[in-house]
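Architecture and fold: a report
Chain residues, written in single-letter form:
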Amino acid sequence: MHAHYGAGGDGGGGRRAAPLQGDAGLYFLGSLHELVAVGLHRPALEALCAGQRDLAEPPIDRAYLLKVLDEEISRQFGHPLRPLIELVLNAADAARGPQPLVDVAVTDGRVDVCDTGVGMGLRAILSRLLIPFATDKRPGIDLGRFGVGFFSVLGFGLSDPESFSLHLTTGDGIEGWAIRVVPWPGAGDAPDPPASAPEEVGRARGRASPELAAALMCSVRRIAPLLGTRVRVTSALLEAGAVRAYLRDALHFFPASRALVLLDGAAVNDGRLISGGQLVQEPIAPSGRARGRAAGPAGEARATAAGEARATAAGEARATAAGEARAHPEDAAEAQGSALLARFHIGGRGLLPSIAAATFHAGVKVDACLALAELALIDFPAAVELTEGRDALKVGPEFTAVATAFYRRLIQLAAASGEGRRTRDRLAEMAAQISALMLQSAGWDEVARDLARALLGPGRCMVTPERREALLGFLGPSVAERLFVPESFWAEREWQPHLPGERELLEDELELDPAETLSALARRRGDLAGLPLLLARAANPHTTMVALCRSRLPPDRGGAGAAAARRAPGAPPLAPPLPEAAGRRPPGPLPCLGTRRLLLIRDDSPAVRRPSGWSDWYALRAAFDRASGVREADLERDLIVGEPVDGAACAAPRPGERTSGGEP
């Protein structure tokens, strides 16, 4: 038997445990960080691979090594179960065959991930598996990226170390190895801790969770030769129902050509968990701009047709691409230099409550958006670097190219479907939400103008939901076709820099006179019979800034008449009705509108020009109070307990006197 029992504690080399009788396959038994130190020290690694009984203690700073391992073990992914996905990715990278398989079995407190691909020998275990960031993954070919999957799984031992164990069996067809990691003193592989170190082991077991690395024991055994890898994680934190739901949610869009993932024997990524919608495979230029896209709609249509034609062939070829890429990584890199292949699933619905709109990297969810009712899935090519650290989103040129292609696919979807304005507005809302909540606004500025033209159409202005009714009441219902009202804060934030707003809408729809005080306006425009009531309701008419306005003439009706309509403050009043009124939009029922700078009053409103009856007086009073900032509750109370609006109210009140109570 060749066995090495690593130094215990924080580096003291005086402790050696007695060999296990009758176990000729044991190569190492000791602290996990001591085995990592062996992997970091080439002479010790070569000696252990050669089967030497006693090894010189590697000259590694144990305090610093423990610090690094503790950081990697305790550093969490965005989702606590994400380390299980790392195991699936590693298995998919190793899987082989015409239809590679990754088999995941879940029971309460245990998860097994198995593949029949290329396993590891002892040298690979020591120099790759057990060394953080020492990955042999190839960018753009393999899915695993950072070489921290093994240590991220050890994080399950943070909250409940007593129930945790990690058991890995692997082989390359020539030899087989079993690695087991448990908290000291461990069960099965380890004898009772030596009598000389009870205090040390007690301290290890009682350490705070971030110091778990010092309290983990690892054994390495030689077993019968095998091909493939099985990883078993045991922890009381692994509740079967929650694990199954998370794996289905995170892996249902995983490319089946890379590996078919079986969860308790049933495939989760063969398309059966989503229904409806449109699945698109899109070649993406790595420079950040889609190559071959001719200018204009015709060019886009040609590029789209070419992409559709290539999608089927690309999908058929993708099953063998992974194996060819591993055999010829240089050819794979060259092929990816010409185009990347992304997948989009737009529309449809998830057949499980947990499946929602999400972005994916090689089938693994990076960020989810539960705010979207529609199913919008984005599968990034493996060559696109998405993550920085563990699973923090990293935006680069290729990432932006995929995001931009997705937005343009929404344009093509709207054009192909021929849907009406409401559906196009919903697509615009969804695109902005995806940009803000899922893609960190990558590529949005580049494509927002095109999206606005294609989905919203010309002349649309963005207004907030709370201003919609006021604008419709002031400008009239015919202006509704020009309003785009985002449903969410996120869509409002994304569209605001790219769409005209309320100010531009008012300037486009109205002819605006210069601002003046309400008292000055009432003196100047004695022909507007509604102004005295507004004057009486103003708290301070001498400082209340207002501006008269009216519907703008259409461009072909402008000229002298339009110029005459823009009166100077000292000009004599116009006699009603307004000239050329037939060419203007009819005003809405509300004659007043408050803005940030001043209060607008429509002189083409019948309630302002010649109020008649209670409806006009009510419109004047309610619209002016709302425009002046009176709270809705106070306005309603005033209407209920104040003087009724009747014919007597039509008598012009004296300035400074309210007709419905309150302070003058």
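Residues numbered from 1 in each chain as written. Predicted model: local features only at pLDDT ≥ 70, side-chain atom pairs only at ≥ 80, totals over all residues. Heavy atoms only, no water.

Our focus in this paragraph is the overall build of the chain. If you tally the helices and strands in the chain, you get 22 helices and 25 strands. Buried positions account for 51% of the 664 residues belonging to the chain. Within the chain, contacts between residues separated by at least 24 positions form 73% of all contacts whose residues are at least 6 apart in sequence. Of the roughly 29,000 Å² that the chain leaves accessible, carbon and sulfur atoms contribute 55%. (Helix = DSSP H or I, 4+ residues; strand = E, 2+ residues; numbered from the N terminus. Buried < 20%, exposed > 50% of the residue type's maximum accessible area, 1.4 Å probe, protein only. Contact = heavy atoms within 4.5 Å. Areas by Shrake-Rupley, 256 points an atom, 1.4 Å probe, with all protein chains shown as cover.)

With that settled, consider the pairing of strand 8 (residues 260-263). Burial along strand 8 is two-sided: Leu260 and Leu262 facing one way and Val261 and Leu263 facing the other are all buried. Bridge analysis of strand 8 against strand 9 (residues 266-267) gives 2 bridges, and the strand direction is antiparallel. By the bridge assignment, Leu262 is partnered in strand 9 with Ala267. Counting the residues that bridge the hairpin from strand 8 to strand 9 gives 2 residues, and of these Asp264 lies at a positive phi of roughly 55°. (Pairing = 2+ DSSP bridges.)

Here the distance between the centres and the angle between the planes together describe a pair of aromatic rings. If you walk through the whole model with that rule in mind, you get 9 aromatic pairs. Measuring from centroid to centroid gives 4.9 Å for Phe380 and Phe399, while their planes differ by 10°, and the two rings are stacked. Linking Phe380 in strand 16 (residues 376-380) with Phe399 in helix 11 (residues 397-417), this pair joins segments that are 19 residues apart in sequence. Accessibility assignment for this pair places Phe380 and Phe399 in one class, buried. A centroid spacing of 5.2 Å and a plane angle of 70° characterise the contact between Phe489 and Trp490, whose relative ring orientation is edge-to-face. For Trp490, a relative accessible area of 34% gives the class partly exposed. Chaining the aromatic ring pairs together yields one cluster made of Phe344, Phe406, Tyr407, Trp444, Phe484 and Trp495. In this structure, Arg343 is placed above the aromatic ring of Phe253, and the distance from its NZ or CZ to the ring centre is 4.3 Å. (Phe/Tyr/Trp six-rings, centres within 6.5 Å; stacked < 30°, edge-to-face > 60°. Lys NZ or Arg CZ within 6 Å of the ring centre and 35° of its normal.)

Moving on: the nonpolar core. The biggest cluster of nonpolar side chains holds 73 residues, and the ones touching the most others in it are Leu84, Val104, Leu154, Leu166, Val220, Val233 and Leu247. It is helix 4 (residues 82-94) that contributes the most residues to this core, 7 residues altogether. If we skip the residues at most four places from it in the chain, Leu166 touches Phe150, Val153, Leu154, Ile179, Arg180, Val181, Val231, Arg232 and Val233. Core analysis: the next-biggest nonpolar cluster, separate from the first, contains 47 residues, Val384, Leu386, Phe399 and Trp495 among them. (Core = buried A, V, L, I, M, F, W, Y, C linked by side-chain atoms within 4.5 Å.)

The strands that make up a sheet pair up through hydrogen bonds in the backbone, lying either parallel or antiparallel. In space, the 9 strands of this open sheet follow the order 1-6-5-4-7-3-2-8-9, with mixed pairing throughout. Every interior strand has two partners, whereas the edge strands, strand 1 (26-31) and strand 9, have only one. Sheet analysis places strand 3 (residues 110-115) next to strand 7 (residues 227-234), joined by 6 bridges and oriented antiparallel. Counterpart to Val111 in the pairing with strand 7 is Val233. Each of strand 1 and strand 6 (216-223) is contacted by helix 1 (residues 32-40), which is oriented at about 120° to strand 1, the strand it contacts most. (Axes fitted to C-alpha atoms, helices over the stretch in contact; angles between N-to-C directions.)

The next point concerns the environment of Ser519. Along the chain, Ser519 falls in helix 17 (residues 518-524). When the C-alpha positions of Ser519 and Val546 are compared, they lie 9.5 Å apart, and in sequence the two are 27 residues distant. Sequence-distant contacts of Ser519, defined by excluding residues within four places in its chain, comprise Leu535, Pro541 and His542. Reaching out from Ser519, the side chain makes a polar contact with the side chain of Thr517 at a distance of 3.3 Å. (Polar contact = N/O pair within 3.5 Å; in protein donor to acceptor, adjacent residues only side chain to side chain.)

The next point concerns helix 4. Between the first and last C-alpha of helix 4 there are 19 Å, a value that for 13 residues agrees with the 18 Å anticipated at 1.5 Å per step. Burial analysis of helix 4 places 12 of its 13 residues in the buried class, which makes it a mostly covered element. Buried residues of helix 4: Arg82, Pro83, Leu84, Ile85, Glu86, Leu87, Val88, Leu89, Ala91, Ala92, Asp93 and Ala94, and no others. (Expected span 1.5 Å × (residues − 1).)

Spatially, the 5 strands line up as an open sheet ordered 11-12-16-14-15, and their pairing is mixed. Looking at the sheet topology across the chains shown, the edges are occupied by strand 11 (278-284) and strand 15 (364-369). The sheet shows a mean angle of 15° between the axes of neighbouring strands, taken without regard to direction. Alignment of strand 14 (residues 357-361) against strand 16, held across 4 bridges, turns out to be parallel. Note on strand 16: the bridge partner recorded for His361 is Phe380. Along the sheet, helix 12 (residues 421-437) contacts strand 12 (340-346), strand 15 and strand 16; its crossing angle with strand 15, the most-contacted strand, is approximately 120°.

Across the 6 residues that make up strand 1, a large majority, 6, are buried. Sheet topology note: the strand 1/strand 6 ladder contains 5 bridges and is antiparallel. What sits directly across from Ser31, in strand 6, is Met217.

Within the structure shown, the criterion is met by 33 salt bridges. Its salt-bridge partner being Glu57, residue Arg62 comes within 3.5 Å of it at the nearest N-O pair. Glu57 gets classed as partly exposed once you look at its relative accessible area, which sits at 40%. For Asp450, the salt bridge identified is with Arg408, shortest N-O distance 3.0 Å. (Salt bridge = Lys/Arg side-chain N within 4 Å of Asp/Glu carboxyl O.)

What follows is about the side chain of Thr359. Structurally, Thr359 is set in strand 14. In this view, Thr359 contacts Val364, Lys365, Val366, Asp367, Ile378, Phe380, Met438 and Leu439; residues no more than four positions away in its chain are not counted.

So, about helix 14 (residues 465-475). Along helix 14, the residues that are buried comprise Leu471, Leu472, Gly473, Phe474 and Leu475. Downstream of helix 14 by a residue or two, Gly476 has a phi angle that is positive, lying close to 100°.

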